[in-house]
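Observations on the three-dimensional arrangement
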Amino acid sequence: MKFAPGSSACKFNDRSCRTIAGRARRTYSRDMTVAPVPTAPLRPVPRHLLAIEAMPAAEITRFLNLAQRYVDQNRSPDKKRDLLHGKTLVNLFFENSTRTRTSFELAGKRLGADVINMAVAVSSIKKGETLIDTAMTLNAMHLDVLVVRHPESGAVKLLADKVNCVVINAGDGHHEHPTQALLDGLTIRLRRGHLDGLKVAICGDILHSRVARSNIHLLNAMGAHVRVVAPPTLLPADIARLGAEVHHRMESGLADVDIVMMLRLQTERMSGQYVPSIREYFHFFGLTREKLKAARPDALIMHPGPMNRGVEIDSEVADDIKRSVILDQVELGVAVRMACLDLLTRDTNSTTG
Ligand code: ASP
């Protein structure tokens, strides 16, 4: 079952219901006089990070500015703070992950939170518990932050509507991966000093990529020019609406760009054949030194990982220490996630329901 954002599955329990439930409810007796019913005290309304779409540039800049400060902290010998002391963060991953899960764990621990990684393979979810049951069970344990990755688009929003803690989307299906776009934005900003006016080519399996969607939204909001380069079979039907210039050839797509962002062929989300063969795909769409000649001489190479060398990217360019910022992306991922935990828990603490 797909939980598309905005679908009825997502809407039936929106935030307003929860807010109303937190206030003193009133019931009407037979003579229509209003009798107040005591309820639980007001709880802060949690602030979530579910998507980059519709996030204003000022908000994105706020995350990036704070993350930049955490970059310095992470490079110093004294990496730990007690900002989140007493708070509990749960990493709930329904899909495999190396970078994202580890960096959320490091980010939480560096800010002093207690971090628990829920192994979905051995949890009750495998025994048939539904997503909502899991959410309600975790909610009863008074978590502060829930970081969720799920294979279905919209599932993280559905869960966020049910719990009283901050929820961060660590990737939902092919919908969004907001912290990846923030760390990509920070990587570019640290190397180039700004995002506005830059030409960015996102290449490869756009159709199945949440990274592409979040990045298109972020880069457009920040004033960059976005191109997508892919065969027609790997482009979503609504690509023009997302705000990207479409290219089907690497030579034209990479012409004069400042940034080349490569994506993995996401076979786990494919049903059917999208490319004739891996060999042919690499021939036409794999990033090689030859194809890179079309880009600006100082163009940066990015990849969210995991990389498939010899499929979407040649090792020679992936490991080029002058051009490739792939390891910077990994490093900055921790700082960005610290900034997200800091800001979201801070905003939640200061908000009343
Ligand atoms: N790690 C990224 C994601 O979770 C990209 C990928 O898997 O290819 O979407």
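See the structure above.
Fair warning: this is a prediction, and the values are worked out from it, not measured in the lab.

What follows covers the pattern of salt bridges. Tallying each qualifying case throughout the model produces 22 salt bridges. Between R75 and E331 there is a salt bridge whose closest N-O contact spans 2.7 Å. With R75 in helix α3 (residues 57-75) and E331 in helix α14 (residues 326-349), this residue pair connects regions lying 256 residues apart in the sequence. Of the residues examined, R75 reaches a relative accessible area of 55% and is grouped as exposed. Through salt bridges with shared partners, a single ionic network connects E95, R210, R264, E268 and R269.

Turning our attention to the side chain of T100. Tracing the backbone through its elements, the reader meets T100 in helix α4 (residues 99-110). Residue T100 is classed as buried on the basis of its relative accessible area, which comes to 6%. In this structure T100 touches F93, R149, A170, H177 and R337, once residues within four positions along its chain are discounted.

With that settled, the discussion passes to the layout of surface pockets. One number sums up the size of the largest pocket: a volume of about 550 Å³. Lining the largest pocket are 31 residues, with R99, T100, R149, G305 and P306 sitting closest to its centre. The set of elements that each furnish at least two residues to the lining of the largest pocket consists of α4, α7 (178-192), α8 (210-221) and α14. Considering each element in turn, the lining of the largest pocket owes the most residues, 6 residues, to α14.

Attention now moves to the site of the ligand. Surveying the vicinity of the ligand reveals the residues R149, H177, R210, V211, R264, G305 and P306. One of the side-chain nitrogen or oxygen atoms of R210 is found 2.9 Å away from an oxygen atom of the ligand. Because more than half of its atoms lie within 2 Å of the grid, the ligand is assigned to the largest pocket. A breakdown of the residues in the shell around the ligand according to their chemical character gives 2 nonpolar, 2 polar and 3 charged.

Each value, and the rule that gives it
- Residues numbered from 1 in each chain as written.
- Predicted model: local features only at pLDDT ≥ 70, side-chain atom pairs only at ≥ 80, totals over all residues.
- Heavy atoms only, no water.
- Salt bridge = Lys/Arg side-chain N within 4 Å of Asp/Glu carboxyl O.
- Helix = DSSP H or I, 4+ residues; strand = E, 2+ residues; numbered from the N terminus.
- Buried < 20%, exposed > 50% of the residue type's maximum accessible area, 1.4 Å probe, protein only.
- Contact = heavy atoms within 4.5 Å.
- 1 Å grid on protein atoms, 1.4 Å probe; cavity = no way out; pocket = protein on both sides within 12 Å on 5 of 7 lines; lining within 4 Å.
- Points joined across faces, edges and corners; volume = space filled by probe spheres on them.
- Near = heavy atom within 4 Å.
- Polar contact = N/O pair within 3.5 Å; in protein donor to acceptor, adjacent residues only side chain to side chain.
- Sits in = over half its atoms within 2 Å of the grid points.
- Nonpolar A, V, L, I, M, F, W, Y, C, P; charged D, E, K, R; others polar.

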